[in-house]
Amino acid sequence: MVKYDLLIIGFGKAGKTLATTLAKEGKKVAVVEENSKMYGGTCINIGCIPTKTLIVAAENKKNYSEAKATRDNVVSKLNAKNFAMLNNNPNIDIYTAKAKFISNKVVEIFENGETKQLKGEIIVINTGAKNNILNIPGLTTSKNVYDSTELQKLKTPPKTLGILGGGNIGLEFSNLYSKLGVKVTVIDFSPTILGREDTDISMLAQKYLKEQGVEFKLGTVTKEIRNNGNKVIVDTEKYGNLEFDALLHATGRRANTEDLGLENTDIKLAANGSVVVDEFCRTNVENIFAVGDVNGGLQFTYVSLDDFRIVNNYLHGNKEYIRLSRKNIPYSVFITPTLSRVGLNENQAHELYKNIAIASLPVANMPRGAVNQDQRGIYKVIVDKDTDLILGATLFSKNSEEIINLIKLAMDNNIPYTYIKNQVFTHPTMAENLNDVFKLI
């Protein structure tokens, strides 16, 4: 049995950052990752970075093979960089193997034909999330049906692509593949896309994607998936049989806790399979933590990094910063233009506050929109009129993924909307339009 001060299962953002931090302090660290193609975690290998690289390549008019080559090059370099970052540290051992708990503090791995047992004084579960597979007949047995990871591996694009799911992942892929010349159809049980957004925003997003060539088959049950030769047939209740060259199922992601051997431990799981943790990311077993997507929190790389901050602080005796300290978490959906939000939407604000004000400013009224030659989108802000504090904002425009962070900073620090309304911003920029939208309150 090999003993370590810190044993991390999974190579994601929180785990790898904690590994390098404690190793620099002289701690003996083990990182176990079952797949060498996942060194560095989901974001750089199959998530944020490769998909956004593909989108940029498509917007720069690269064809599919050129876009994929660019994507693969970026991923390869980042994967190697992350591996080297840990592997070059003499205090870190990397095991490329499947980890399975055999007791609370002992993990068994099988590597290079040899079974080893690793024991950690501190153990961090950092295994991320995996695709949620709906119980649809034929979904897992039909050919040319892919998840988001598998679809990115195709050497040639399909001519027609069905996408099961109208959430963030499904829409980002619909945006990407339609830009690459693929005929895309989005299928969803819900009558609207982007269920977390206000209706006016989701309808606007659907309008723009339609103009881009994406079709929508919404408000329908998918009864069965099967093949007709190499074609994929999606049998829907409302629209009958839909035929595609390929089908992407993008119906959410769930905590990756299966086959970890957690039944051999006292670690508690929630009903959805995520690891139950407290405000310090601690499980119910002493000195075992769960960080990132696996603990049931928001599935963002930057939230995983924040989990690192919490655990690192805790291990160094600082208990001031906890999960509740995060306050407002922004997010972006990388369709065109980018849709970003932080805080409450309109319905949530009406439920929680008595005296709110809402203002909207179309990008068509913004100078920078004219400069960009793209006047699609809107800024929408919500304010508590009793305190002048910002309750939420939806920025649907070019560069919104950057500007939304200004709103987050204001909300976190209780800066009133009047400050932004009267702030001096550079011109011509998209940021300066925060002046104008808050003037409408």
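These figures come from a predicted structure and were not determined experimentally.

Draft legend 1. Main features of the overall build of the chain. Helix and strand content of the chain: 13 helices and 22 strands. Computed over C-alpha atoms, the radius of gyration of the chain comes to 23 Å, within 12% of the 22 Å expected from 2.2 N^0.38 for 441 residues, which places it in the range of a compact globule. Along the first, second and third principal axes, the C-alpha set of the chain runs to 65 × 60 × 40 Å. Looking at the chain residue by residue over its 441 residues, the buried ones come to 51%. Within the chain, residue pairs in contact and separated by at least 24 positions form 63% of the contacts whose partners lie at least 6 positions apart. For the chain, the computed accessible surface area is about 19,900 Å², with 48% contributed by carbon and sulfur atoms. Looking at charge distribution, the chain has the averaged site of its 53 positive side-chain charges lying 4 Å from that of its 48 negative ones.

Draft legend 2. Inspection of the sheet that holds strand E18 (residues 331-333) at higher detail. Across the sheet, five strands lie side by side as E18-E19-E22-E21-E20; this open sheet has antiparallel pairing. The sheet is open, and its two edges are formed by E18 and strand E20 (356-362), each paired on a single side. For this sheet the average axis-to-axis angle between neighbouring strands, irrespective of direction, equals 15°. Relative to strand E21 (residues 378-384), E20 runs antiparallel, the two being bridged by seven bridges. Along E21, the bridge assignment pairs Leu-361 with Tyr-379.

Draft legend 3. Examining the pattern of salt bridges more closely. A full pass over the atoms with the stated rule returns 22 salt bridges. The salt bridge partner of Lys-130 is Glu-258, with a shortest N-O separation of 2.9 Å. Here Glu-258 lies in the loop between strand E16 (253-255) and strand E17 (288-290) and Lys-130 lies in strand E7 (residues 129-131), a separation of 128 residues in the sequence. For Lys-130, a relative accessible area of 25% puts it in the partly exposed group. Its relative accessible area of 38% is what places Glu-258 among the partly exposed residues. A salt bridge links Lys-380 to Asp-198, with the nearest nitrogen and oxygen atoms 3.0 Å apart. One end of the pair, Lys-380, is in strand E21; the other, Asp-198, is in the loop between strand E10 (183-188) and helix H7 (199-211), with 182 residues separating them in the sequence. Since its relative accessible area comes to 3%, Lys-380 is described here as buried. Taken together, the shared-partner salt bridges connect Asp-198, Asp-200, Glu-346 and Lys-380 into one network.

Draft legend 4. Layout of the pairing of E10. Extensive coverage of E10 is indicated by the burial of five of its six residues. Pairing geometry for strand E9 (residues 160-164) and E10, over five bridges, is parallel. Opposite Thr-160, over in E10, you have Lys-183 as the bridge partner. In this structure, E10 lies alongside strand E11 (residues 215-218), joined through four bridges in parallel fashion. In the sheet register, Ile-187 faces E11, and the bridge partner there is Lys-217. Read as a crossover between parallel neighbours, the route from E10 over H7 to E11 is right-handed.

Draft legend 5. Just the domain arrangement of the chain, in detail. Structurally, the chain comprises domain 1 (2-130 + 253-325), domain 2 (145-249) and domain 3 (330-440). Between the C-alpha centres of domain 2 and domain 3 there is a distance of 29 Å. In this complex, domain 2 contributes 16 residues to the contact, which on the side of domain 3 involves 18 residues. Counting each side, the surface lost to burial between domain 2 and domain 3 is near 1,500 Å², with a carbon and sulfur contribution of 56%. Of all residues in domain 2, the largest losses of buried area upon contact with domain 3 belong to Asp-198, Ile-201 and Tyr-208, amounting jointly to 37% of the total for that side. Linking domain 2 to domain 3 there are three salt bridges. Put simply, Asp-200 and Lys-380 hold a salt bridge, and the shortest N to O gap is 3.1 Å. Here domain 2 is connected to domain 3 by 12 residue pairs in polar contact (both at pLDDT 80 or more). Elements represented by at least two residues in the side of domain 2 that touches domain 3 include exactly helix H6 (168-179) and H7.

Draft legend 6. Up close: the UniProt feature "domain: FAD/NAD(P)-binding" (unreviewed entry) in the chain. In the numbering used here, UniProt assigns the feature "domain: FAD/NAD(P)-binding" (unreviewed entry) to residues 4-304. In residues 4-304, the share of helix is 28% and the share of strand is 28%. The end C-alpha atoms are 23 Å apart.

Draft legend 7. The arrangement of the nonpolar core in detail. Counting 40 residues, the largest nonpolar core has Leu-151, Leu-161, Leu-171, Tyr-177, Phe-216, Ile-335 and Phe-396 as the members making the most contacts within it. Here this core takes five residues from H7, the largest share from any one element. Residues contacting Leu-171, with those up to four places away along its chain left out, are Gly-166, Val-186, Ile-193, Leu-194, Leu-209, Phe-216 and Ile-335.

Draft legend 8. Seen up close, the UniProt feature "domain: Pyridine nucleotide-disulphide oxidoreductase dimerisation" (unreviewed entry) in the chain. As recorded in UniProt, the sites labelled "domain: Pyridine nucleotide-disulphide oxidoreductase dimerisation" (unreviewed entry) are residues 329-435. As annotated, residues 329-435 has a helix share of 32% and a strand share of 28%, and its two end C-alpha atoms lie 22 Å apart.

Draft legend 9. Expanded view of helix H4 (residues 64-87). Its 24 residues place the ends of H4 34 Å apart at the C-alpha level, agreeing with the 34 Å of an ideal helix rising 1.5 Å per residue. Those residues of H4 that fall on the buried side of the exposure criterion are Tyr-64, Ala-67, Lys-68, Arg-71, Val-75, Asn-79, Asn-82 and Leu-86.

Draft legend 10. Structural detail: the state of the cysteines. For the coordinates displayed, the defined rule picks out zero disulfides. Free cysteine: Cys-48, not disulfide-bonded; nearest cysteine sulfur from Cys-43 at 3.2 Å. With a relative accessible area of 32%, Cys-48 lands in the partly exposed category. Summary of cysteine pairing: Cys-281 is not part of a disulfide, and the nearest cysteine sulfur, belonging to Cys-43, is at 18 Å. Cys-281 sits in the buried class, given a relative accessible area of 0%.

What counts, and at which threshold
- Residues numbered from 1 in each chain as written.
- Predicted model: local features only at pLDDT ≥ 70, side-chain atom pairs only at ≥ 80, totals over all residues.
- Heavy atoms only, no water.
- Helix = DSSP H or I, 4+ residues; strand = E, 2+ residues; numbered from the N terminus.
- Rg over C-alpha atoms; globule rule 2.2 N^0.38 Å.
- Buried < 20%, exposed > 50% of the residue type's maximum accessible area, 1.4 Å probe, protein only.
- Contact = heavy atoms within 4.5 Å.
- Areas by Shrake-Rupley, 256 points an atom, 1.4 Å probe, with all protein chains shown as cover.
- Lys, Arg positive; Asp, Glu negative; His and termini not counted.
- Charge placed at Lys NZ, Arg CZ, Asp CG, Glu CD.
- Pairing = 2+ DSSP bridges.
- Axes fitted to C-alpha atoms, helices over the stretch in contact; angles between N-to-C directions.
- Salt bridge = Lys/Arg side-chain N within 4 Å of Asp/Glu carboxyl O.
- Right-handed = clockwise from strand over helix to strand, strands pointing away.
- Domains from an automatic or database assignment.
- Buried area = accessible area lost by both parts, 1.4 Å probe.
- Polar contact = N/O pair within 3.5 Å; in protein donor to acceptor, adjacent residues only side chain to side chain.
- UniProt positions renumbered as here; feature names shortened; annotations may be inferred.
- Core = buried A, V, L, I, M, F, W, Y, C linked by side-chain atoms within 4.5 Å.
- Expected span 1.5 Å × (residues − 1).
- Disulfide = S-S within 2.5 Å.

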